[in-house]
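The lines below spell out each chain.
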Amino acid sequence: AMPHRLYTLVFPMDSARSRVLLGMKKRGFGSGKLNGFGGKVEPAETVEQGAIRELAEESGLVAAAAARCGLLLFYFEDSPVAMEVHVFQAREYSGVPVETDEMRPEWFGVDSMPFDRMWADDHIWWPLMMRGDLFVGRFWFKADQVTITRSELDRVDSL
Ligand code: 6U4
Ligand code: NA
Ligand code: NA
């Protein structure tokens, strides 16, 4: 089977869960896009620990826990390694968002998401996450990182 590399993606929610904090990614993979906070999981940590660490490094928010929401698998036509991205919400945290080397944070209403400035898959699974459904999605991208040539999305009972 195709090798996978583990990543996290964390969406901090406000207390009413009516707004979400996104960051404009300033460098590296996906630069220029708005997204949640996250990155590669390190060998010595769990996926949830990696999510919490990346959230702190990239947004300044410190969370004790993160809630698992979904699993996304991305296949890029020019890469032999699939991205396995574990999606979380952070609902309780301390601190205030700060701009970092990697991200410029900004709050958005969950019903007026800037999908045209996000990854092309996000508008497809976002409604499931907002309903509270757990999901598994698979998206096949062209090398342009914009065009989706095939996709699958399922609700699941557990992750
Ligand atoms: P470095 O630069 O090594 O510190 P790191 O922060 O470890 O990087 P990064 O930022 O490259 O990792 O991780 C990629 C991030 O982009 C992860 O949070 C997952 C996310 N991501 C990748 N493809 C995505 C896609 N198609 N849709 C999406 N998020 C995606 O919503
Ligand atoms: Na990152
Ligand atoms: Na990072």
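Model, not experiment: these values are computed from the prediction.

1. A closer look at the overall build of the protein
Helix and strand content of the protein: two helices and eight strands. Taken from the N to the C terminus, the helices and strands of the protein come in the order β-β-β-α-β-β-β-α-β-β. Its C-alpha atoms give the protein a radius of gyration of 15 Å, within 12% of the compact-globule value 15 Å for 159 residues. For the C-alpha atoms alone, the extent of the protein along its principal axes is close to 40 × 30 × 30 Å. By the burial criterion, 30% of the 159 residues in the protein qualify as buried. Of the contacts made within the protein by residues no fewer than 6 positions apart, 63% connect residues no fewer than 24 positions apart.

2. Some remarks on the site of ligand 1
What surrounds ligand 1 is a group of 16 residues, the closest being F29, G38, G39, K40 and W119. If you list the elements that add at least two residues to the shell around ligand 1, you get β1 (4-12) and β5 (82-90). Of the residues forming the shell around ligand 1, the biggest block, three residues, is contributed by β1.

3. Notes on the sheet that holds strand β2 (residues 19-25)
The pairing of strands in a sheet comes from backbone hydrogen bonds and takes either a parallel or an antiparallel form. Taken together, three strands build an open sheet; the order of strands is β3-β2-β6 and the sheet is antiparallel. Pairing within the sheet leaves two strands with one partner each, and these edge strands are β3 (34-35) and β6 (103-109). Both β2 and β3 contribute to a ladder of two bridges, which runs antiparallel. Note that in β3 the partner of G23 across the bridge is N35.

4. Re the sheet that holds strand β8 (residues 148-156)
Strand order across the open sheet formed by five strands is β1-β5-β4-β7-β8, with mixed pairing between neighbours. With partners counted over all chains shown, the strands left at the sheet margins are β1 and β8, one partner each. Neighbour-to-neighbour, the strand axes of this sheet turn through a mean angle of 20°, independent of strand direction. Pairing analysis gives seven bridges linking strand β4 (residues 67-76) to strand β7 (residues 134-141), with the strands arranged parallel. The residue bridging L71 from the neighbouring strand is V136, located in β7. Those strands touched by helix α1 (residues 47-59) are β1 and β5, and its axis lies near 55° from that of β1. Packing against the sheet, helix α2 (residues 122-131) makes contact with β4, β7 and β8, and its axis sits at approximately 175° to β7.

5. Here's the deal with the environment of P97
With respect to the secondary-structure elements, P97 resides in the loop between β5 and β6. Its 19 C-beta neighbours within 10 Å are what place P97 among the partly exposed residues. Spatially, the C-alpha atoms of P97 and K40 are 21 Å apart, while their sequence positions differ by 57 residues.

6. Structural notes on the environment of V110
If you trace the backbone, V110 turns up in the loop between β6 and α2. Put simply, V110 and P127 are 17 residues apart on the chain and 9.4 Å apart in space, counted from C-alpha to C-alpha.

7. Digging into the confidence of the model for the protein
Per-residue pLDDT for the protein has a mean of 97; in total, 100% of the residues score no lower than 70. What the predictor reports for the complex is a pTM of 0.97 with an ipTM of 0.97.

8. Considerations on unusual backbone geometry
Generally, phi is negative for residues other than glycine and the peptide bonds are trans, each holding for most cases. Of note, R17 is a non-glycine position whose phi angle comes to about 55°, a positive value. Among the structural elements, R17 can be located in the loop between β1 and β2. Unusually for a residue other than glycine, Q145 sits at a positive phi of about 60°. Inspection of the secondary structure puts Q145 in the loop between β7 and β8.

Rules and cut-offs
In this convention, every chain numbers its residues from 1, walking through the sequence in written order. Lettering for chains starts from A, numbering for ligands starts from 1, and both go in the order in which the items are written. Where totals are concerned, whole chains, interfaces and linings use all residues; where local detail is concerned, this predicted model gives features only for residues with pLDDT of at least 70, and gives and counts side-chain atom pairs only at 80 or more. Counting from the N terminus, the helices are DSSP H or I runs at least four residues long and the strands are E runs at least two residues long. For this measure, only C-alpha atoms enter the radius of gyration; the expected value for a globule follows 2.2 Å times N^0.38, where N is the number of residues. Exposure criterion: with C-beta atoms placed from backbone coordinates, a residue whose C-beta has 20 or more other C-beta atoms within 10 Å is buried, one with 12 or fewer is exposed, and one in between is partly exposed. Contacts here follow a simple rule: the backbone-placed C-beta atoms of the two residues must lie within 7 Å. In this text, near has one meaning. A residue is near a molecule or strand if its C-beta atom, placed using the backbone, is within 6 Å of it. Pairing between two strands requires that DSSP report at least two bridges joining them. Angles run from 0 to 180 degrees between N-to-C directions of axes, and those axes are lines fitted to C-alpha atoms, restricted for helices to the stretch in contact. Confidence scores per residue from the predictor, reported as pLDDT, run from 0 to 100.

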